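Below, each chain spelled out in residue letters.
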Amino acid sequence: MGKLLAIVLVAIAVLSAYPIVTHMFVLPEDISTHGYAIDSQIHDTMLEAGLSFVGAQIVLAAFVWSFTNRKEGSPLRSFPGGAKVAVMAAFVLVGTEVLALGVMGQKAWAEVYFTAPKPNAIQIQAQAEQFAYYFRYAGPDTKFGAIHPDKIDEGNQNYFGLDPANEVEARDDIVSGELVVPVNREVQLLMHAKDVGHSFYIRELRIQQDFVPGLDLSLHFTATKIGKYEIVCTQLCGLGHYNMKAYMNVMSEEDYEKWLTEQAGQ
Amino acid sequence: MGRKQFVVAGLAMLVLAATSKAGPPAGGTVSGKVTYEGTPAKMKPIDMSKEPSCAKMYPTPPVAETVVAGSGNSLGNVVVYISAGAPDEAAPSTAAVFNQKGCRYIPHVLVFQVNQELKIQNEDQTSHNIHPLPKINREWNKSQPPGTPPISEKYDKAEIFPVKCNVHPWMHGNFAVLKNSHFAITGDSGAFTLPNLPPGKYTVTAWHESYGDQSQEVTISGREAKTVNFVFKAKPY
Amino acid sequence: MQEGSVQEAHVHAPPEGFVRKYIFSLDHKVIGKQYFALALVAVFTGMILSWLMRIHMVWPNAKIPLLEMFSKNGAPGGVVTPEYYLSLLTMHGTLMVFFVLTNAPFAAFGNYFLPIQIGAEDMAFPRFNMMSFWTTFAAWVVLMLTFFIPDGPPIAGWTEYAPLSAVGRDAGPGMQWGASLWGISIAIFCIASLLGALNFIATTLDLRARGMTLMRMPLCTWAWFITSCIALLAFAVLFPACILLILDRHAGTSFFIPSGLVISDRLQPHSGGSPLLWQHLFWFFGHPEVYIAILPSMGIVSHILINSMRKPLLSAKVVIYSMMSIGFLSYMVWGHHMFVSGMNPMSSLAFSFPTLTITIPATVLTLIWLGSLYGSNLQINSASLFALGFISMFVAGGVSGFFLAQPSIDIYLHATYFVVGHFHLVMGVASLFGVFAGTYFWFPKMTGRMMSESLGKLHFWITFVGAYGIFMPFHYLGLIGNVRRYQSFVDDFMTPYIGWHKFVTIAALITGVGQFIFLFNLIYSRFKGKVAPENPWSATSLEWTVPSPPPWNNFGGRHPIVYHDPYQYGVKGSKGDFVMQNSPEQAVPASGD
């Protein structure tokens, strides 16, 4: 049975590696400016993790094959170098490799979190709520009206709790269920949660960030390809979590201006 | 009339009296029109982009039904009912049906009676979550996946309160649970009629979800038709 | 350590009467079996919950028979509602992490074997021990109650993030009494675990037999000891966190709830709290908890592997130090669950480095296990198959950690099925393999009967292949961005991948059936298994020097003396290729080392 285990181990290692090696599952296309760094990290880590996984299963299989069902009286042997080799291998090989990945990975992290948005980035406010996202554009006056939680009236589509009756800045604010952005322009998303914790995840944009009630967080990104992409919630927020999504609509610059004008008219 | 016929007629009248419903069948009518003054807020089209299975059912996006304004400043979706002066009535055996279709509530305002069966149906391909928000009745919150049987509920106290779908934030409606059968809901024309009112002094109340409620007293004697009109002050936002 | 007098101080009288012998027993062996039984009920419940989840996920309109009888609100017409799916998910996680993975490898086997392995008559505090179990049982009862209340179990996941978990019923169905009962249950569980941990530590430090220095303790005893030290601090933080949660829910406090939240059209009356505070408190417990789940299995597997290989590990000392480093580092990494949570991005980098560093002792352990196999005389039986399977699973689950430890990659993989695959393989499967190995190995000692080897091997093959079939695809699905905790996939993006989910569901059902073979084996062998000798595995540690099953005071009133470490295998001794730990025989190495 030891030999059978060895064979099954190798089979599992090969079968597990197969979908990766043959690119059966490819990352969704990257439409961001910072994603290349993340993708390259994933690629490098996959190489290391993959080799470690397959290597360990094969070594386990080889030893199980060789050292089960041994002939009566076969001598016991000790791995050359003993525990010292194991410790050194762990520190040197795995330790430095893995820490190197960590150091290299900082660049991708910094591009997302340690660089400020450009001054001409378009500011769009995003509100996450049970179970939809709403996005607010400041409108022609480039000012956002204040948010009053006690004035929220969803039946009347006042999702942000704006007070246009009394506040001029709120009157031209554009509220949309879709995140409409122009291509190749930096967008700064100002995020807040209306009720509980949510998260913002666009796979193709390689961004993910939680909405934390009580905190005003922000994300910035530049979409580089026109199209419609899913925004999904990745923080369990209640029964509708599975259906909490919106679409990011990346348009050409002129289509974007046309859309803004249309919305302002409504 | 002979004595035997007299007894039969008397018995017949007794039977008739015993089996007839509370209140004589024919009576007065209160009717009128509900209008608004001022400029109502413009109803915005509903953004259903997060639910493509519903969004695709509309060639142009529908508008919200909070304020249904008709020609001549008429106001729809106003519940007009007798709030005082009429006795409580037992609930009818038919159910009041509330439908979820195209990610909207149909009707937007559902009027029914205390202890009447409320039947909620989901005709959409997506799961809805009905969450009525009463203050004095029992609050509940139920999911209704597509293809599951209708939900059956009832309310034992009179109250008017909102209903929302947790999953689709734009879905809002109202339940008006009333104590008797004297109610009407205005359409685009703003007109309403409350027939079959026995003689008495009544309070007629008109309720609108944004503009509040108003009441007027009216007295009916015999088979007369009285007119009661309501004018609500519209809000521009 | 003056063992003799200290041991005498902890003697208790032999148990009398049915209740004292089998129910409110002070005997660590009975308590260990009670924990095992509770874990068994919890694991089968958790497994059935996972079946319901997986069936609903791939066939969302399926009408599951009998389910409507169990919960009319949760499954009208037998169709699982979105909130009931989340209830199943929450209960699956809570039962598995607390009542299975903390109970079985640690409380069950640790309670049973730690005192015997160090030569003691019982635990240091037998009464605390009894209270520990019954408190755990009470926690389980409170948790299971949530299935039977009208609103159902909570829906916020076993992690119960605030403010979803803290605001009360407005947050959704199940978040009224369901969530409160969850908080109460886990708070009770914390108390039980703290009592247990105290007991293990005091026993290990004070009640070792003559000659049993710390370095001569078996590796599983070391694992239980280190786990207890971790548990003492971890549960001490979870307990107040649960109390604060209950206060937010019922006493109007705002530890975790900021102002201005509008939920279900109602402005919540709280202000000043921080949802991140819950996450920090929870994960400060939660990360060490996963090491509480795996360390005992590492010890058990080491112990069994040595016996099966007929040869000690390359270095027991290195294994002990590695386990200690893992325990120590486990306290520095909790923020890796919170990389994109909104905490300071600098903190994310700070947490990333210890997370990557923990790979080092984990790799040392793996290389020592692998390296020790070389040149051994490996015996294959159900126990050793699961021990070898543990190594395979631990590596499989561990390497996906390389990805998740890097914040930049976590931006993409957080909350996807990649994470689900990672923690199930390394925590769920690997840890359980340690429990299975321990069961097959120690069942003869605990019951006096052998389990069926053929059924054991069948159980191994179904579980080993099945577990890979279930959890390996999760990594691929995570790579394409499959989000977790969704009751079903209603969007076009996921349509091409539903087939993989169906494959996983079928694998899960088949693997689950295999577990009933294990259950049958347990029950059948308990009554009809072949009578077991005192030392069926030719093993060396102290538990194999006492009868099967041991008497109430383990050593029959004797005080054992040990003369060397517990792993004298591959030596020439009077019993063959091994020398028992309590044997004064001088071991002669059988091979040049």
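That block above? That's the structure.
Residues numbered from 1 in each chain as written. Chains lettered and ligands numbered in written order. Predicted model: local features only at pLDDT ≥ 70, side-chain atom pairs only at ≥ 80, totals over all residues. Heavy atoms only, no water.

Moving on: the overall build of chain A. Within chain A, the regular secondary structure consists of 4 helices and 10 strands. The linear arrangement of helices and strands in chain A, starting from the amino end, is α-α-α-β-β-β-β-β-β-β-β-β-β-α. The C-alpha atoms of chain A give 27 Å as radius of gyration, which overshoots the globular expectation for 266 residues (18 Å, by more than 25%). Across the 266 residues that make up chain A, the buried fraction comes to 56%. Summarising the internal contacts of chain A: among those between residues at least 6 apart in sequence, 71% fall at separations of at least 24. (Helix = DSSP H or I, 4+ residues; strand = E, 2+ residues; numbered from the N terminus. Rg over C-alpha atoms; globule rule 2.2 N^0.38 Å. Buried < 20%, exposed > 50% of the residue type's maximum accessible area, 1.4 Å probe, protein only. Contact = heavy atoms within 4.5 Å.)

The next point concerns the interface of chain B and chain A. Contacts between the two partners involve 25 residues from chain B and, on the opposite side, 25 residues from chain A. Summed over both partners, the interface of chain B with chain A comes to about 2000 Å²; 50% of that surface belongs to carbon and sulfur atoms. A per-residue breakdown of the area chain B buries against chain A is headed by Lys50, Pro169 and Tyr237 of chain B, which together make up 30% of the total. Inspection of the chain B/chain A interface yields 1 salt bridge. Of the charged contacts in the structure, one is a salt bridge between Glu154 of chain A and Lys164 of chain B, with a shortest N-O distance of 3.7 Å. Considering only residue class, the side of chain B that touches chain A consists of 9 nonpolar, 10 polar and 6 charged. (Buried area = accessible area lost by both parts, 1.4 Å probe. Salt bridge = Lys/Arg side-chain N within 4 Å of Asp/Glu carboxyl O. Nonpolar A, V, L, I, M, F, W, Y, C, P; charged D, E, K, R; others polar.)

Attention now moves to the pattern of salt bridges. All names here are of chain A. Here the structure, examined in full by the defined rule, presents 25 salt bridges over all chains. The partner of Arg136 in a salt bridge is Asp173, with the nearest N and O atoms 2.5 Å apart. Of this pair, Arg136 sits in strand 2 (residues 132-137) while Asp173 is found in the loop between strand 2 and strand 3 (174-176), placing the two residues 37 residues apart along the sequence. For the pair shown, Arg136 and Asp173 are each scored as buried.

Take the state of the cysteines next. A full pass over the atoms with the stated rule returns 1 disulfide over all chains. Cys237 of chain A provides the cysteine sulfur closest to Cys233 of chain A, a residue in no disulfide bond, and the two sulfurs are 3.8 Å apart. By relative accessible area, Cys233 of chain A is classed as buried at 0%. For Cys165 of chain B, which is in no disulfide, the shortest distance to another cysteine sulfur is to Cys103 of chain B and amounts to 7.4 Å. (Disulfide = S-S within 2.5 Å.)

The subject of this paragraph is the sheet that holds strand 14 (residues 183-185) of chain B. Residue and element names in this part refer to chain B. Taken together, the 4 strands give an open sheet; going across it, the order is 14-4-16-17, and neighbouring strands pair in antiparallel fashion. Edge positions in the sheet fall to strand 14 and strand 17 (212-220), since each of these pairs with one other strand and no more. Taken over all neighbouring pairs, the strand axes of this sheet differ in orientation by 25° on average, direction set aside. In this structure, strand 4 (residues 79-84) lies alongside strand 16 (residues 200-208), joined through 5 bridges in antiparallel fashion. Bridge pairing links Ala84 to Thr203 in strand 16. (Pairing = 2+ DSSP bridges. Axes fitted to C-alpha atoms, helices over the stretch in contact; angles between N-to-C directions.)

With that out of the way, let us pick up the packing of helix 14 (residues 382-404) of chain C against helix 16 (residues 417-447) of chain C. All names here are of chain C. At a minimum axis separation of 8 Å, helix 14 and helix 16 run at an interaxial angle of 160°. If you check the angle between helix 14 and helix 16, you find them roughly antiparallel. Considering how the two elements wind past one another, helix 14 and helix 16 form a crossing that is left-handed. Its residues placed into classes, the contact of helix 14 with helix 16 shows 20 nonpolar, 9 polar and no charged. (Parallel < 35°, antiparallel > 145°, perpendicular 65-115°, else oblique. Left-handed = near helix turned anticlockwise from the far one by under 90°.)

Gln130 of chain A connects to Phe131 of chain A through a cis peptide bond whose omega is -5°. When you line up the elements, Phe131 of chain A lands in the loop between strand 1 (122-129) and strand 2. Here the residue pair Ile106 of chain B and Pro107 of chain B is connected by a cis peptide bond, since its omega of 0° sits within 30 degrees of zero. For Pro107 of chain B, the location among the structural elements is in the loop between strand 6 (104-106) and strand 7 (109-113). A positive phi is found at Asn115 of chain B, a non-glycine position, where the angle reads about 65°. One can find Asn115 of chain B in the loop between strand 7 and strand 8 (118-122). On the basis of relative accessible area, Asn115 of chain B is assigned to the partly exposed category, the value being 40%. For Ser538 of chain C, which is not glycine, the phi torsion reads 50° and is therefore positive. Among the secondary structure elements, Ser538 of chain C is positioned in the loop between helix 18 (498-528) and strand 3 (569-573).

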